[in-house]
Amino acid sequence: MKQVLKNEHIRLVINHQGAEMTSLINLATQTEHLWQGDPAIWPWHAPNLFPVVGGQTNDQIIVDGQAYPMKRHGFARNSEFINTECTPTYASFELRSSPETKAMYPYDFIFDIIYELDGPDVIIEYKIRNTSDTNMYLSLGAHPAFNVPFAPGEDYTDYYIEFERDGSLETSLLGSDGLLSGEKGRIHLEERQLNLTPDLFNNDALVLLSLKSRKVSLCSRKNDHRVTLEFGMFPYLGIWAKPGAPFVCIEPWLGVADTANRPVPIDGKQGIHRVTPKTSFIAHYYLGVV
């Protein structure tokens, strides 16, 4: 099932599976900005990542000395959410812990994802309530994929990501297993711009763990339209695409993949968040199209 939100600027479609955005159309230009999930290339649109971000050592998390199976990016993106509220411009979705989730993640929780249209912007809010009697540890992230190019007659290389601040980007490199290798790289920005090229992601995602910018825009050199993400509550950012594919993912993260050869319990993971019993953790970001 899907929910459709619409105002005079944008039309947003959200799937109940994963509470995932599947379409974001700029009504002024009739441009579809979300990648349409070609299964031959990459089958997702904008998955929500919970309770982990990235790969885990041995595809496991360790909680109180016990190992639990946990695939890359967690289980929320494959879970069926319940639509708890919907208006023409607002929708909330809920996932509750169950015997199936507790076999992977031994906490009682309620995970709400809320979408609200505000002019040309989408406000995406995450709220995780710890209904356990113990501390709960989690990571959280967004993984929206945007079509590149926006318009016919343009090429992938006409596009760039503009950062709020100038300088160079320090990247934390990933190994072939999807875990952080412990090595660093550096990419120089030209006038705050990261140019998109077909080989930019040959070595997997750009993982930015010391980024000063809290806003980035996907822009074209051949038109004035752009997609902007503001993610002040998210300290990390991932940028990724399948090499040669016509999209780019811009991913605000509250958490990151494990580092190779350094397995740690969940409460010691980099970027992990502790939620005390009977309290909530809330984060949000903004996604705008003009």
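Going by the structure above, here's the rest.
Presented here is a report on the structure given in the accompanying data block. Here the structure is a predicted model, which means the values were calculated and not measured.

Moving on, we come to the pairing of strand 16 (residues 168-174). As judged from the 6 bridges shared by strand 16 and strand 17 (residues 180-188), these two strands associate in the antiparallel manner. Residue Leu 169 lies in a different strand from strand 17, and its bridge partner there is Ile 187. The hairpin turn running from strand 16 into strand 17, its antiparallel successor, is 5 residues long, and Gly 178 in that turn takes a positive phi close to 80 degrees.

Take the pattern of salt bridges next. Counted according to the given criterion, the structure contains 10 salt bridges. The salt bridge involving Arg 226 is made with Glu 162; its shortest N-O contact spans 3.2 Å. A residue pair is termed long-range when its members are at least 10 positions apart, and Arg 226 in strand 21 (residues 226-230) and Glu 162 in strand 15 (residues 159-163) qualify at 64 residues. A relative accessible area of 25% places Arg 226 in the partly exposed class. Each of the salt bridges in this network shares a partner with another, and the network as a whole consists of Glu 94, Arg 96, Asp 112 and Arg 129.

Turning next to the sheet that holds strand 20 (residues 215-220). Read from one edge of the open sheet, 9 strands run 8-9-10-11-25-21-20-15-18, paired in antiparallel fashion. On the outer flanks of this sheet lie strand 8 (82-87) and strand 18 (193-195), each paired with one strand and no other. Each neighbouring strand pair of the sheet contributes to a mean axis angle of 15 degrees, computed without reference to strand direction. Where strand 10 (residues 109-118) and strand 11 (residues 121-130) come together, 10 bridges link them in antiparallel fashion. Looking at strand 11, one finds that Asp 112 is bridged to Lys 127.

Looking now at the state of the cysteines. What is meant by a disulfide is a covalent connection between two cysteines, made through their sulfur atoms. Tallied over the entire structure, the rule returns 0 disulfides. Unpaired in terms of disulfides, Cys 219 finds its nearest cysteine sulfur in Cys 249, a separation of 17 Å. Residue Cys 219 is classed as buried on the basis of its relative accessible area, which comes to 2%.

In this model, Phe 50 is joined to Pro 51 through a cis peptide bond whose omega is 5 degrees. Within the secondary structure, Pro 51 is located in the loop between strand 5 (48-49) and strand 6 (60-63). Here the bond from Val 148 into Pro 149 is cis, since omega is 10 degrees, no more than 30 degrees from zero. Relative to the elements of secondary structure, Pro 149 occurs in the loop between strand 14 (145-147) and strand 15.

Parameters and conventions
Residues numbered from 1 in each chain as written. Predicted model: local features only at pLDDT ≥ 70, side-chain atom pairs only at ≥ 80, totals over all residues. Heavy atoms only, no water. Pairing = 2+ DSSP bridges. Helix = DSSP H or I, 4+ residues; strand = E, 2+ residues; numbered from the N terminus. Salt bridge = Lys/Arg side-chain N within 4 Å of Asp/Glu carboxyl O. Buried < 20%, exposed > 50% of the residue type's maximum accessible area, 1.4 Å probe, protein only. Axes fitted to C-alpha atoms, helices over the stretch in contact; angles between N-to-C directions. Disulfide = S-S within 2.5 Å.

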